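Residue-level structural notes
For reference, the chains in residue letters:
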Amino acid sequence: MESSTKSQITVEKSKTSKIDQVDFDNLAFGSVFSDHMLVCDYKNGAWETPKVVPYGPLTLDPSSKIFHYGQSIFEGMKAYKDTEEKVWLFRPLDNHKRLNISAKRMAIPEIPENFFMEGLKTLLKVDENWIPTKDGSSLYIRPFIFASGQGFHASPANEYKFMICLAPSGSYFSGKVKVLIEETYSRSANGGVGFAKAGGNYAGQFYPTQLAVEKGYNQVIWTDDNTHEYIEEAGAMNIFVRINDTLITGPTSDRILDGITRKSIIQIAEDENIKVEVRKITVKEVVEAAKNGSLKEMFGAGTAAVISPISTFGHKNTDYDLPELTDKSYSSTLKKRITDIQYNRAEDKFGWRHEA
Ligand SMILES: *Cc1c(COP(=O)(O)O)cnc(C)c1O
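Residues numbered from 1 in each chain as written. Predicted model: local features only at pLDDT ≥ 70, side-chain atom pairs only at ≥ 80, totals over all residues. Heavy atoms only, no water.

Lining the immediate environment of the ligand, one finds 14 residues, of which Lys-197, Tyr-202, Glu-233, Thr-261 and Thr-303 sit closest. In the environment of the ligand, an oxygen atom lies 2.8 Å from a nitrogen or oxygen atom belonging to the side chain of Lys-197. The contact in question runs from a nitrogen atom of the ligand to an N or O atom on the backbone of Ala-236, over 3.4 Å. For the shell around the ligand, the elements supplying multiple residues, two or more each, are strand 14 (237-243) and helix 5 (260-271). (Near = heavy atom within 4 Å. Polar contact = N/O pair within 3.5 Å; in protein donor to acceptor, adjacent residues only side chain to side chain. Helix = DSSP H or I, 4+ residues; strand = E, 2+ residues; numbered from the N terminus.)

Okay, here's the thing in structure tokens:
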């Protein structure tokens, strides 16, 4: 195996590449992985220097705490290639900051910024050819930390792994998204871990989502755990509602995750002179707006899909259809502006683009 060093990060290159087996024109979301991965171990109270190694399975002790107590967190971000083959990241320091916010809540040791950023950039250099160039495609980046330390004692582990894996991906959702406003189950609660990207949050969503899928919906709209009267998130995305010409999204809290797409959309919308309100959204006002025709758009916002327009929502056995989208829809305007910045097709007046 060939070895080299960049900063202090060592690179062990894989002997063969799988890249020729990948159909870059028909990429599903997050289902093929690049040739390498970043691994960084936490032992004896400190993070060791990260390594780039060939992508492959891990060996873990069956008593590793990740298996029993779900002590794990993750991030989701993307790398974009412009027409000159230059590679860009979008607000990556915000992902690093949020990973550490999640880490703190889950009693996981925080990862230093240089290990995160240098590790990511070194990995991206090694697997640069895996960044797709087809329109709408990008390299999905999955940083994560989990408890590899051993023992059945229900307490924080003493060893962890921070890893980054890369998955070349096409667009996340396709077609019309039909959602169900959830009135029984909850994604998060006050004082809970809903604001963290903690693994178990998503496992807890699978069953209610399966029930919605059985009823013919694609996703669940999460409401507050206490009354189910307020709209909070759309699956694993933040949610925006347009009533007349006002764009509304809920305030971040213990229960609503502080999405980077969400906060970027708020800024871009304000820059477009769209009226934005950050306030609680009631199920009642959305149903009334759908009935009287003032509900113009609803969409989810997150890194994977960027903006995912909702075509229909279900509430108490009634389905409400949203108007067809046009070129003037906020979702089209905002998606174009954010992706133009991400792919270096437009000026970045906000300073969000980051050279990889
Ligand atoms: C990751 C995530 C989001 C979106 O965050 P982005 O930073 O925009 O990708 C929204 N809600 C939940 C629950 C999430 O896990």
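The discussion continues.
Another point: the layout of surface pockets. Size it by volume and the second largest pocket reaches roughly 680 Å³. Ile-307, Ser-308, Pro-309, Leu-325 and Lys-335 are the residues nearest the centre of the second largest pocket, which is lined by 35 residues in total. At the level of secondary structure, the elements contributing two or more residues to the lining of the second largest pocket comprise strand 18 (295-302), strand 19 (306-315) and helix 7 (330-342). Take the lining of the second largest pocket: its biggest share by element is seven residues, from helix 7. Both domains that meet at the lining of the second largest pocket, namely domain 1 (10-169) and domain 2 (177-342), each give it at least three residues. (1 Å grid on protein atoms, 1.4 Å probe; cavity = no way out; pocket = protein on both sides within 12 Å on 5 of 7 lines; lining within 4 Å. Points joined across faces, edges and corners; volume = space filled by probe spheres on them. Domains from an automatic or database assignment.)

It is worth spelling out the confidence of the model for the protein at this point. Of all residues in the protein, 97% have pLDDT values of 70 or greater, and the mean over the chain is 95. Residue range residues 1-6 is modelled with pLDDT below 50. Its contacts to residues more than four positions away, or to other chains, number 14 contacts. (pLDDT = per-residue confidence, 0-100. Contact = heavy atoms within 4.5 Å.)

Covered by surrounding structure in strand 8 (residues 87-90) are Val-87 and Leu-89 together with Trp-88 and Phe-90, the residues of both alternating faces. Relative to strand 8, strand 7 (residues 77-81) runs antiparallel, the two being bridged by three bridges. The residue bridging Ala-79 from the neighbouring strand is Leu-89, located in strand 8. Linking strand 7 back to strand 8 in an antiparallel pair, the connection comprises five residues, with Glu-85 at a positive phi of about 65°. Strand direction decides the pairing type here: strand 8 and strand 21 (residues 353-355), joined by three bridges, are antiparallel. For Trp-88, the partnering residue across the bridge sits in strand 21 and is Glu-355. (Buried < 20%, exposed > 50% of the residue type's maximum accessible area, 1.4 Å probe, protein only. Pairing = 2+ DSSP bridges.)

Attention shifts here to the pairing of strand 10 (residues 160-169). Of all 10 residues in strand 10, 10 are buried; the element is thus mostly enclosed. Burial of the side chains of strand 10 extends over both faces: Tyr-160, Phe-162, Ile-164, Leu-166 and Pro-168 are buried on one face and Lys-161, Met-163, Cys-165, Ala-167 and Ser-169 on the other. When strand 3 (residues 36-43) meets strand 10, the two strands line up antiparallel, connected through five bridges. Each residue of the ladder has a partner; that of Val-39, found in strand 10, is Met-163. In the sheet, strand 9 (residues 138-147) pairs with strand 10 via 10 bridges, with the strands oriented antiparallel. The residue bridging Ala-147 from the neighbouring strand is Tyr-160, located in strand 10.

A full pass over the atoms with the stated rule returns 21 salt bridges. Arg-91 is the salt-bridge partner of Asp-94, the closest N and O atoms lying 3.4 Å from each other. Like Asp-94, the residue Arg-91 is buried in the burial classification. A salt bridge links Glu-285 to Arg-279, with the nearest nitrogen and oxygen atoms 2.8 Å apart. Salt bridges sharing partners connect three or more residues here, namely Asp-135, Lys-336, Asp-340 and Arg-345. (Salt bridge = Lys/Arg side-chain N within 4 Å of Asp/Glu carboxyl O.)

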